[in-house]
Amino acid sequence: MTFVVTNRMECLFQRCHKEAALHSVCRSVLPVSCLLLVLCVSMYPALWSIGVQLRSAFTGSYIPGHHSVLLVNSPTEQAARDIGRAIMERRLAASVNILARTSTMYYWKGEIQDASEILMLVKTKTSRIQQVVEYVRSVHPYANPEVLSFPVEDGNLAYMKWMDEAIPDD
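A few points on the structure.

Quick notes on the rules
Residues numbered from 1 in each chain as written. Predicted model: local features only at pLDDT ≥ 70, side-chain atom pairs only at ≥ 80, totals over all residues. Heavy atoms only, no water. Helix = DSSP H or I, 4+ residues; strand = E, 2+ residues; numbered from the N terminus. Buried < 20%, exposed > 50% of the residue type's maximum accessible area, 1.4 Å probe, protein only. Contact = heavy atoms within 4.5 Å. Areas by Shrake-Rupley, 256 points an atom, 1.4 Å probe, with all protein chains shown as cover. Pairing = 2+ DSSP bridges. Axes fitted to C-alpha atoms, helices over the stretch in contact; angles between N-to-C directions. Arc of directions from axis to C-beta. Patch = residues over 30% accessible without salt bridge, like charges linked within 9 Å, V, L, I, M, F, W, Y side chains within 5 Å. Salt bridge = Lys/Arg side-chain N within 4 Å of Asp/Glu carboxyl O. Polar contact = N/O pair within 3.5 Å; in protein donor to acceptor, adjacent residues only side chain to side chain. Phe/Tyr/Trp six-rings, centres within 6.5 Å; stacked < 30°, edge-to-face > 60°.

All right, on to the overall build of the chain then. Scanning the chain from terminus to terminus reveals four helices and four strands. In sequence order, the chain lays out its α and β elements as α-β-α-β-β-α-β-α. Residues counted as buried form 27% of the 170 residues belonging to the chain. By sequence separation, contacts in the chain at least 24 residues apart represent 76% of the contacts at least 6 residues apart. When the accessible surface of the chain is split by element, carbon and sulfur atoms take 63% of a total near 12000 Å².

Structure representation (structure tokens):
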């Protein structure tokens, strides 16, 4: 009888020891896994940008959507010039075109409005859109400025390479 009890006690001791070891391993793996996940998520934009450049260099192709064109309206040419220059000085875009006056119709407070505005085309990396939008909203004279983005699907590869060189990585 003592042999059976001792054998059972030994079995229970080994089982508890294995469970404690497994629990200890899980405790140390969990923080390391969380740290790796945080690092991967925080480095994703930079890694993606490097991957795009490598793919483009090796294959000579363009990855659709890596660049975008934003439409930004402005009430005056001077306001457009000021906003455009500030975007360029902040290296948020490779190029800003300021187009001649355009006629605009829009709803404002339930009424159709007619106006003339200046339209800017802001050419940038898609990863910079939110920075451009935030900056424009912070300095634009309109309470609700038009800032719309469109992804570039294809185009002159040399021009897009120049855009990559003109706009620093995030």
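Still more ground to cover, so stick around.
Now for the sheet that holds strand β4 (residues 147-151). Read across the sheet, four strands follow the order β2-β3-β1-β4 without closing on themselves; strand pairing throughout is antiparallel. Across the chains shown, the open sheet's two edge strands, defined by having one partner strand only, are β2 (95-108) and β4. Going from strand to strand, the sheet's axes swing by 30 degrees on average, the running direction of each strand aside. Relative to strand β3 (residues 111-125), strand β1 (residues 67-74) runs antiparallel, the two being bridged by eight bridges. Residue Asn73 lies in a different strand from β3, and its bridge partner there is Leu119. Lying on the sheet, helix α4 (residues 157-166) is in contact with β1, β2 and β3; it crosses β3 at an angle near 85 degrees.

Further remarks concern helix α3 (residues 129-139). Considered for burial, the residues of α3 that qualify are Ile129, Val132, Val133, Tyr135 and Val136. All buried residues of α3 project into a common sector of 165 degrees when viewed along the axis, lining one side. Set apart from the buried face of α3 by more than 90 degrees, the exposed residues are Gln130, Glu134, Arg137 and Ser138. Looking at the packing, one finds that the buried side of α3 touches β1, α2 (77-89), β3 and β4.

Residues Met105, Tyr107 and Ile112 make up a contiguous nonpolar surface patch of about 420 Å² in total accessible area. In this structure Met105 comes out as exposed when scored by relative accessible area, which is 65%.

The next thing to look at is the side chain of Thr104. Within the secondary structure, Thr104 sits in strand β2. On the accessibility criterion, Thr104 (18% relative accessible area) is buried. Among the polar contacts made by the side chain of Thr104, one reaches the side chain of Glu117 at a distance of 3.0 Å. Apart from residues lying up to four places away in sequence, Thr104 is in contact with Gln113, Asp114, Ala115 and Glu117.

We now examine the packing of aromatic side chains. Per the counting criterion, the structure on display carries one aromatic pair. For the ring pair Tyr159 and Trp162, a centre distance of 5.2 Å and an interplane angle of 45 degrees mean the geometry is tilted. Residue Tyr159 and its partner Trp162 are located together in helix α4, separated by three residues, close to a single helical turn. Of the residues examined, Tyr159 reaches a relative accessible area of 33% and is grouped as partly exposed. Residue classification places Trp162 among the partly exposed positions, given a relative accessible area of 36%.

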